[in-house]
Every structure is written in structure tokens, then in C-alpha cells.
Number of protein chains: 2
Amino acid sequence: MKQRINIAELARRLGLAVSTVSKAINDRGDVSDATKRRVLEAAEKFGFSPDPAGRRLRTQTSETIGFVLSPPQTHFAHPFFLDLLMGIDQGLSQTPFQLIIVAGRTLETELESFRRLVERQRVDAVMFGRTRRDDPRVRYLQERNVPFVALGRSETGKPFPFVDIDRTVAGRNGTARFVGFGHRRIGLLSTPGYLMISHLLQEGYRAALKAAKLPFDADLVVETSNDEEGGLNGARQLLAMSNPPTAIMCGHDLIATGAMQAIAETGRRPGADIPVIGCDNHPLGPYLNPPLTTFSAPTFEAGRRMVELLLALMDGRSPKELQEIWSPELILRSSHGGQLVAANEV
Amino acid sequence: MKQRINIAELARRLGLAVSTVSKAINDRGDVSDATKRRVLEAAEKFGFSPDPAGRRLRTQTSETIGFVLSPPQTHFAHPFFLDLLMGIDQGLSQTPFQLIIVAGRTLETELESFRRLVERQRVDAVMFGRTRRDDPRVRYLQERNVPFVALGRSETGKPFPFVDIDRTVAGRNGTARFVGFGHRRIGLLSTPGYLMISHLLQEGYRAALKAAKLPFDADLVVETSNDEEGGLNGARQLLAMSNPPTAIMCGHDLIATGAMQAIAETGRRPGADIPVIGCDNHPLGPYLNPPLTTFSAPTFEAGRRMVELLLALMDGRSPKELQEIWSPELILRSSHGGQLVAANEV
DNA sequence: GAAATCTCCGAAAACGATTTCGAAAATAAC
DNA sequence: GTTATTTTCGAAATCGTTTTCGGAGATTTC
């Protein structure tokens, strides 16, 4: 292990005072350009960089932000989140902040993860996703006054910064597209409605039905887990109805994947016989059978933007002006069914 | 923001000395059970927990370990790594260590990420994956004497701890299975051979050929990028040969996905006409067309185990006894082709 | 050329914990 | 009851940095 040098030693070698060296390195005023240069060069030469422990102690800032992976993400599943992480990291790389991640184990202990993060580890800020309509995490963080930004909005508490990829437009436009193709009974496979994205998806779905003056049938929407298995089971349930849907809108590509499987099980062709649309543009979507029509989800960009919003927030900007809702775009492949009616989307 | 209390204030309220409180909290000897209990209760009551900044400064340990995501992982792709991360986090959750992750941007700046992590951020240890035959990261970390454990072995430097999911057996058993079905020209779609996993895969492939007394044809192995597109292009190249392979072994399920696409493009049926086997048990494998035969990759468990190895290493155990090679298991679905010869795997 | 004003630099005080080492109190030994 | 030994506690040093504030020395102003 190479010998490490501290600021006092560096000052000694330079014949300067510690304070001067510190100011030079942190570019605070009160030090001439000449000595600043001299210090910087020496720091480079001797491989000095301030020990974060000392700095943190003095400045009372950890220069870390915490990210909590929500419980249902455990085990495989969503490339989505990896992409989000990469975006966040990308954004953070321009700042002095470090990203520390922890995975919430279960829904019950999830808040505990937040507490550990802010009360023990003392991160400067927090990020998370999978917001819920009523979200205890939002309440907790606002109560303790810790800066945070979420992926997704919520109905909880005072305004907070977020980036939200709007599931309403996915629900509305997807459903409307089916309507345009002449479908009158459209199934919706969604994750539980307490999740914000699911709630919004269902809202969009209803809005599209209403616009088309179609009745809402509660039996046509089933809430499942956000994975292939959920899609499989949910679609089986829909298809077993006496009056089954003729098209299925899904809250996620993984759900759509399972749904197409279920459709194939009944001897019908997913896409051609029963069209399906998913959400979030899973990378393997184009390789499914048939290739999956879906809605875009620029997760990487969202992550990067979340960092910007967080920085702005910590810089004193008002949360209200730090809320962004992004519209996903329809990505047409072929699972959405025939080209009967060409362009009829809302 | 709730008022935070420090150890001095807690000691004052208890009528004890700071040192006593500290010892009680860290369970160092030299303090009676009675006062220890008293201190612990008071800490709980007043919501005190030691400021990590102070502790780190004094103990000269950061209690963080860094994980570097390798560059090619950027943008979507591998659920693999998320799973690994979850495993690592799971393992770490029993320890005082925090996980901080950074994403190496490009191969050139990757070492820079390591340097920042150990020289500036001063993590106590490091983890990474995607080892290479000649791996500068290994060299750097060993040189600086920082504890680390890798996912995958390497040919670089002195022994170090790792968990390796053995690609040799995937290459050998996959190829052997094709041989058992009577194939004599077997294609191999691998990632570049400087990656350890690819090198091992190719070794396994050659071993199987040798065992079956089949000639090795360099034209039959093509190195591509580790994603769907790589598989697509690689398989196109193989199929365009004057004497194309009749079966294709792939270094990853994503590659296999692209390969099956390429096969379908030529009007042949992947699986039935040209069988394909992948690696790493991608969660969507069962939903591909046809369902993908692959090799298991218990990434979550590997992550958890890596943490245990790391802890053992930091506890003074010799690196040599902290190396584990796990054999992946064949997961039969149907893309490996006909049941011509029933059970003929090695 | 003296006074006023700027520029730089340095001494010392935090920040909050852990750890060493010596002292006091409690217990044991005789 | 005195001494020896063990147990329990406390004072102070230390980790490495940033920041405040005062004081030289250089520069300008009249």
C-alpha cells in the first residue's frame, strides 16, 4: 500500500500553511494564482487528495446520495432499473456525489431501509422509484426534510420533484388504438392500483373507453404481478371469461410476454387473433413472437434528469418547478394486430 | 429536520464519560453490563447513532465497498447484473458495509473509475465482474494491495478470490450435446476471447470437439458483441458460409436470441432445423420462439457468496482458498433441437 | 512619504467519533 | 484490616479536513 500523504504533510513540503493548501485545493478565494498553481501541481505530484472522512466531518455533508431498489424488483426482472441506475450514475459522475444503493427487502421493511440511509448512513439525498398513490416514503422524507426526487409522481404530501413517464398516455393511446381497430371489449392487465403507474394506466384506459363511448367492465381489468407469470395468469383469467376480450393492453412488456403465451396456449395467435400491447420497450420485445408493440421508456435519460432535478432542489429551487411528465411514444411492431385501420391513434 | 444528538451530549445526559458511552455502543470490553444496557436504552430513546464521518475519520476505514459496472454493460441488456447486485446487497446487509456503485464509462477510462474509488473515495474493498485473461484491474488492485473479489477468474497476477460460473462446462456440454445429436459442424458465437468467459467457452467447445474426434474449424467460431445484435450479425455470417454449421452454441442467451432471428430470416426454423443453445438463463428465454435451451447462472447466489469471500479475505484468509468455480447446469427447453438421440450429454 | 486599502497567508478552533492509559472503586486474598 | 488484584470508568489525544479571523506585506491614494 503506497504511503498516503495528508494535507499537513503536503503543506510542510510546500512551506505553506494547511489553511492555504486547503483553500487552494477547494478553489476558495484568498490565495494567489501562483501559489494555487503550485499547490495543485504538488498535490498531483505527491498523489494527494483530501480524505473524504475528514472533509465530511468538518463540512457535515456526506456527499452521497442513496438509491433504494423497491422490493418487487428483487430477483431478475427489470433491465429497466439497471438502465435507470446507469443514467443516475452518468448524471452523478459530473458531481462530487457518490451513489450508494440498497435493496429494500420486503414492503414492510422498506421504510427501515430509508431510515438507515438517512439516520445512520446520513446520505445527503435520496432517490427511488415505483411511487405509490399513498406513499409512506414520501411522507417520511418530507417529514425529515431530506431532499429527494422520485421516478413517478404520487398523491402524497406536498409537491416534490419527480420525473414521470406518463402511463396515462400509454393506457389511453394503446386502448384507443384497439378501439380504432374495431375492438369493443378490451382487456387490461395491470399491476395493483396502489402503484401510481398502474393507477394512471387504468385512468388512461378508462379515458379512452369514455372517449369512444364504450362501457367500462370491471371484469376486464385484472391486476397481477409485474412479470411474465403475472401476465400468464392474468391473461388466462381474461380468456376464460364467457365473454372474453378481443384485445389486451398490458402495463408492462413482461406482462405482455406472459399474456401472449397464454393466448398461444388456447390455440389462438397472439397479435393476429388477439392483439397485445405492452409498456416500457423491453430490449427483447422485437424478438418475441410476434414482435411486441409497446411504449417507449427513456429510463436512462430519466435517471440523468433526476440527478439534475435533485441538484437543483438542493440548490434551493422550489419542488414545484422540478416536476416533469414525459409522454411515452408508441413503438409499433406487430403484436398490436392487423393494419385494418391505418392511422387512428389519439 | 429533527435535532441530532452527538455522543458527548448523550454522555452528558447519562452522567457518563464519552469514552464509556462509545465503548458501550461498540461493545468493547471495559464496561459493566448494567451501564451498557443503560447506554443502549438511552441511545435508542434519544435516537442516537454514531456519525459515520467521525467514526471513519478515527478508525481510518470507510466501511464502504465499491462495485464497478463494466463498460459494455451500459445501456439496457443484462438483467444478470441487476441480479448480481441484489445478491451483493443481500450479503452486505448483514454487515456494516455500504455498497457504492459506479459505472465505468469506456474501456479506456475504466481504470480511472477504480482509481477514483480507492484513491479518492477510499473504499475498503472492491468488486467487479467480466474478468479478462489479462486484466489491468487485477494488476492495479493487487499492486495497491486493496482487497477485492471478482466474478470470474483471470490469468493475471497472484491468486485472488473469485466466484466463477464455469463457462468451460457450458461450452463443452453444449457442444457435446450437439455432437450426440449427430452434428459434425457446430458453430460457436462467442464474445471476444480476451474476456475470460469467452476464452473458457471456446476452450470447452474445443475440448468437446476433440473428445469427439471432430476437426476444429476456425471459421466456425465468430466473436461478436454480447447482445442480440451481436448474435444476429454473427449468425448471419455463419449461415452465409458455403459450408454452414448445422447447430450453433452461443455464449449468451441474448446472442442466442439474435441467432435464432438470423436463422428465421433464412426461412429455416431455429431449433428444429438449426438448433441453438445459449448461456445464463435469461428470464425471457422460456418465452422465445422456440423456448431457449440454456445453462443456469445463479447470479444472485454468486453475489451473495462474493461478499462472504470478501469478508473472509479482509479477515486475513488466504486468497487461494477463496476461489470457487461453479458448474452451470443445462436447462433443457426446446431450441436445442430434436429428441433424436435421447440422453447423450457428457 | 504617510495613510488607507487590498492581497495573501497562517494559527487555531471546530467537526464527532475511538482508543489509550491511568486512576478509582470494588472485590478477593491473606 | 491491610494488601493485591480485578473491574469499571474518565481525561485527553488523535484522525484530516475546512473555516474564521487577524495580521503582515504589498499596493494604491492623496
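The coordinates are above.
As a starting point, this report considers the structure included with it. (Residues numbered from 1 in each chain as written. Chains lettered and ligands numbered in written order. Predicted model: local features only at pLDDT ≥ 70, side-chain atom pairs only at ≥ 80, totals over all residues. Heavy atoms only, no water.)

Each helix and strand in chain A was counted, giving 12 helices and 12 strands. Computed over its C-alpha atoms, the radius of gyration of chain A comes to 26 Å, more than 25% above the 20 Å expected for a compact globule of 346 residues. When the backbone C-alpha atoms are referred to their principal axes, chain A occupies close to 85 × 40 × 35 Å. Classification of the 346 residues of chain A by burial places 55% in the buried group. On chain A, roughly 14,800 Å² of surface is accessible, and the fraction owed to carbon and sulfur atoms is 49%. Distance from the positive charge centre (42 side chains) to the negative charge centre (39 side chains) of chain A: 4 Å. (Helix = DSSP H or I, 4+ residues; strand = E, 2+ residues; numbered from the N terminus. Rg over C-alpha atoms; globule rule 2.2 N^0.38 Å. Buried < 20%, exposed > 50% of the residue type's maximum accessible area, 1.4 Å probe, protein only. Areas by Shrake-Rupley, 256 points an atom, 1.4 Å probe, with all protein chains shown as cover. Lys, Arg positive; Asp, Glu negative; His and termini not counted. Charge placed at Lys NZ, Arg CZ, Asp CG, Glu CD.)

Before going further, it helps to spend a moment on the relation of the copies chain A and chain B. For the pair of chain copies, the relating transformation is a rotation about an axis with a translation along it. Mapping chain A onto chain B calls for a rotation angle of 180° and an axial translation of 0.0 Å; the resulting RMSD is 0.1 Å. In short, the pair behaves as if placed about a two-fold rotation axis. Within chain A, A:I100 has its C-alpha nearest the rotation axis, a separation of 2.1 Å. Mapped onto chain B, 100% of the interface residues of chain A are again interface residues, and the two copies thus contact each other with one and the same surface. (Least-squares fit on C-alpha atoms with pLDDT ≥ 70 in both. Contact = heavy atoms within 4.5 Å.)

Quick look at helix α7 (residues 136–144) of chain B now. Residue and element names in this part refer to chain B. For α7, the full list of buried residues reads R137, V138, Y140, L141, Q142 and R144. Looking at the buried residues of α7, the elements they touch are α6 (110–120), β3 (125–128) and β4 (148–151). Looking one or two residues beyond α7, the residue adopting positive phi is N145, at roughly 65°.

Within this structure, the stated rule accounts for 12 aromatic pairs over all chains. Where B:Y205 meets B:F216, the ring centres are 6.3 Å apart and the plane angle is 75°; that geometry is what we call edge-to-face. Here B:F216 lies in the loop between α9 (196–211) and β7 (221–223) and B:Y205 lies in helix α9, a separation of 11 residues in the sequence. Above the ring of A:Y140, the side-chain terminus of A:R115 is found at 5.6 Å from the ring centroid. Its end group placed over the ring of B:F216, B:R206 keeps NZ or CZ at 4.0 Å from the ring centre. (Phe/Tyr/Trp six-rings, centres within 6.5 Å; stacked < 30°, edge-to-face > 60°. Lys NZ or Arg CZ within 6 Å of the ring centre and 35° of its normal.)

Right, let's get into the protein's contact with DNA strand C. In the region of DNA strand C, 27 residues are neighbours, and A:K23, A:D30, B:I7, B:S22 and B:R28 sit closest. The sugar and phosphate moieties of DNA strand C supply 59% of its atoms located within 4 Å of the protein. Residue B:R55 places a side-chain N or O atom 3.2 Å away from a phosphate oxygen belonging to DNA strand C. For the surface near DNA strand C, the secondary-structure elements that each account for two or more residues are α2 (18–25) and α4 (52–59) of chain A together with α2 (18–25) and α4 (52–59) of chain B. Looking at the surface near DNA strand C element by element, the count peaks at five residues for α4(B). Its residues assigned to classes, the surface near DNA strand C shows eight nonpolar, 12 polar and seven charged. (Near = heavy atom within 4 Å. Polar contact = N/O pair within 3.5 Å; in protein donor to acceptor, adjacent residues only side chain to side chain. Nonpolar A, V, L, I, M, F, W, Y, C, P; charged D, E, K, R; others polar.)

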